[in-house]
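# Coordinates in review
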Amino acid sequence: MQTSVKPEILPLFSSPVYVCEDKTMPNVISAIEGWEYHKAPQQGSQTFEMNVLTKLPALREWLNFHVEEYVWNVLGIDRRCHEIVYTCSWINRHKFQEKTHEHSHRNSMYSGICYLQTHERCGDLVFRDQSYNMVSPRIVHGNLYNSKQWTIQPKDGMVVMFPSSMVHLVTPNQIMRERYSLAFNIFLKGDFGNPTSFLKL
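Residues numbered from 1 in each chain as written. Predicted model: local features only at pLDDT ≥ 70, side-chain atom pairs only at ≥ 80, totals over all residues. Heavy atoms only, no water.

## Examining the sheet that holds strand β8 (residues 149-152)
To be explicit about the condition: Note: two strands are recorded as paired if DSSP finds a minimum of 2 bridges between them. Strands are runs of DSSP state E lasting at least two residues, helices are runs of H or I lasting at least four, and both sets are numbered from the N terminus onward. To define axes, lines are fitted to C-alpha atoms, for helices over the stretch in contact only, and angles between the resulting N-to-C directions are given on a 0 to 180 degree scale.
Strand order in the open sheet formed by four strands is β5-β10-β7-β8, and the pairing between neighbours is antiparallel. Where the open sheet ends on each side, the last strands, each with one partner, are β5 (100-103) and β8. Taken over all neighbouring pairs, the strand axes of this sheet differ in orientation by 15° on average, direction set aside. As defined by bridge partners, strand β7 (residues 125-128) adjoins β8 across four bridges and the pair is classed as antiparallel. Residue pairing in the sheet places F127 in a bridge with W150 of β8.

## What about the side chain of H82?
Worth spelling out the cut-off: Burial status follows relative accessibility: with a 1.4 Å probe on protein chains alone, a residue under 20% of its type maximum counts as buried, one over 50% as exposed, and anything between as partly exposed. The term polar contact refers here to a pair of N or O atoms within 3.5 Å; inside protein, the definition further demands a hydrogen-donor-capable atom paired with an acceptor-capable atom, and it admits residues adjacent in sequence only when both atoms are side-chain atoms. Only heavy atoms enter the contact rule, under which two residues are in contact if any of them lie within 4.5 Å.
Position of H82 among the secondary structure elements: in strand β4 (residues 82-94). Here H82 falls in the buried class, since its relative accessible area comes to 14%. One polar contact links the side chain of H82 to the main-chain carbonyl oxygen of K189, over a distance of 3.4 Å. For H82, the side chain forms a polar contact with the main-chain oxygen of D191, separated by 3.3 Å. Beyond its immediate chain neighbours, meaning those up to four positions away, H82 contacts W72, I77, L188, K189, G190, D191 and F192.

## Considering the environment of S111
Summarising the element assignment, S111 is placed in strand β6 (residues 110-117). S111 sits in the buried class, given a relative accessible area of 1%. C-alpha separation for the pair S111 and M161, spaced 50 residues apart in sequence, amounts to 5.7 Å. When neighbours within four sequence positions are excluded, S111 is seen to be in contact with H105, V160, M161, F162, S164, F184 and N185. Separated by 2.7 Å, the side chains of S111 and N185 make a polar contact.

## Considerations on the environment of H66
Considering the arrangement of structural elements, one finds H66 in helix α2 (residues 57-74). Along the sequence, H66 and S164 sit 98 residues apart, while their C-alpha atoms lie 16 Å from each other. Sequence-distant contacts of H66, that is, excluding residues within four places in its chain, are made with Y18, C20, D22, V159 and M161. At 2.7 Å, the side chain of H66 forms a polar contact with the side chain of Y18.

## Some remarks on the layout of surface pockets
Inclusion rule: A cavity, in this analysis, means grid points on a 1 Å lattice covering only the protein atoms where a 1.4 Å probe fits yet has no way out; a pocket is instead an open set bounded by protein on both sides within 12 Å along at least five of seven lines, and a residue lines either one if it has an atom within 4 Å of a point. Grid points are joined across faces, edges and corners, and a volume is the space filled by probe spheres set on the points. When residues are grouped by polarity, Ala, Val, Leu, Ile, Met, Phe, Trp, Tyr, Cys and Pro land in nonpolar, Asp, Glu, Lys and Arg in charged, and all others, Gly among them, in polar.
A volume near 890 Å³ is recorded for the largest pocket. Looking at the lining of the largest pocket, the elements that each hand over two or more residues are β7 and β8. Here the residues of the lining of the largest pocket sort into 17 nonpolar, 10 polar and three charged. Lining of the second largest pocket is provided by 26 residues; of these, Q46, W90, N92, T100 and H103 occupy positions nearest its centre. Residue assignment for the lining of the second largest pocket shows that the elements contributing at least two residues are β2 (37-40), β3 (44-47), β4, β5, β6, β10 (167-170) and β11 (179-192). Taken together, the residues that form the lining of the second largest pocket break down as nine nonpolar, 15 polar and two charged.

## Comments concerning the pattern of salt bridges
To keep it simple, the criterion reads: Each salt bridge in this description consists of a side-chain nitrogen of Lys or Arg and a carboxyl oxygen of Asp or Glu lying within 4 Å of one another.
Considering all chains together, one arrives at seven salt bridges under this definition. Measuring nitrogen to oxygen at the nearest pair gives 3.9 Å for the salt bridge that ties E178 to K95. Here the residue E178 occupies a position in the loop between β10 and β11, and K95 occupies one in the loop between β4 and β5, the gap between them amounting to 83 residues. Residue classification places E178 among the partly exposed positions, given a relative accessible area of 23%. For K95, a relative accessible area of 35% gives the class partly exposed.

Put into structure tokens, the structure is as follows:
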């Protein structure tokens with residue numbers, strides 16, 4: 001039997017992931033190419049400097065718009081009670097066949113990635129659901145509601161933000177050109193909770 005009734009699907013208790021492609025991003029590649037990086041086998045390289053946004057003020061100012069959009073507007077956090085703090089920020093560099101293992105970010109509330117230089121097949125961002133399912137029915141078509149894995153193809157100027165507890169990885173760079181991204185963690189300062197569960201940070 002067919003019906004014209006349309007159900008409402010609630011993405012209840014979901015993990016809000018912010019994805020925005022912004023072509024106005026300042027170009028910082030010439031500034032960061034000569035920086036000092038340390039390498040992990042097959043994992044790509046990271047800057048030794050772990051607070052790079054202090055050295056890239058134009059990029060930080062551009063990024064602030066997206067961070068504030070995510071925290072104040074998407075998550076609905078009260079800006080009168082809280083202040084956004086970048087706890088650390090670094091550059092990732094991936095050469096041919098380099099990737100990043102499955103991980104999440106500790107000691108932060110929200111994390112983000114800003115893609116500075118990408119190419120086709122330079123390595124996708126993959127989120128994985130780590131929740132336990134008692135049974136696993138067969139799925140006819142995957143979507144946001146039943147997916148155990150979600151892939152985002154990076155593009156220059158794309159910003160992705162998510163709760164720091166979300167598990168993610170980067171697939172191998174399949175081309176000879178280097179891929180650069182900025183990663184960052186943020187925490188909120190201010191007054192948390194109510195009178196019986198109050199916390200000031």
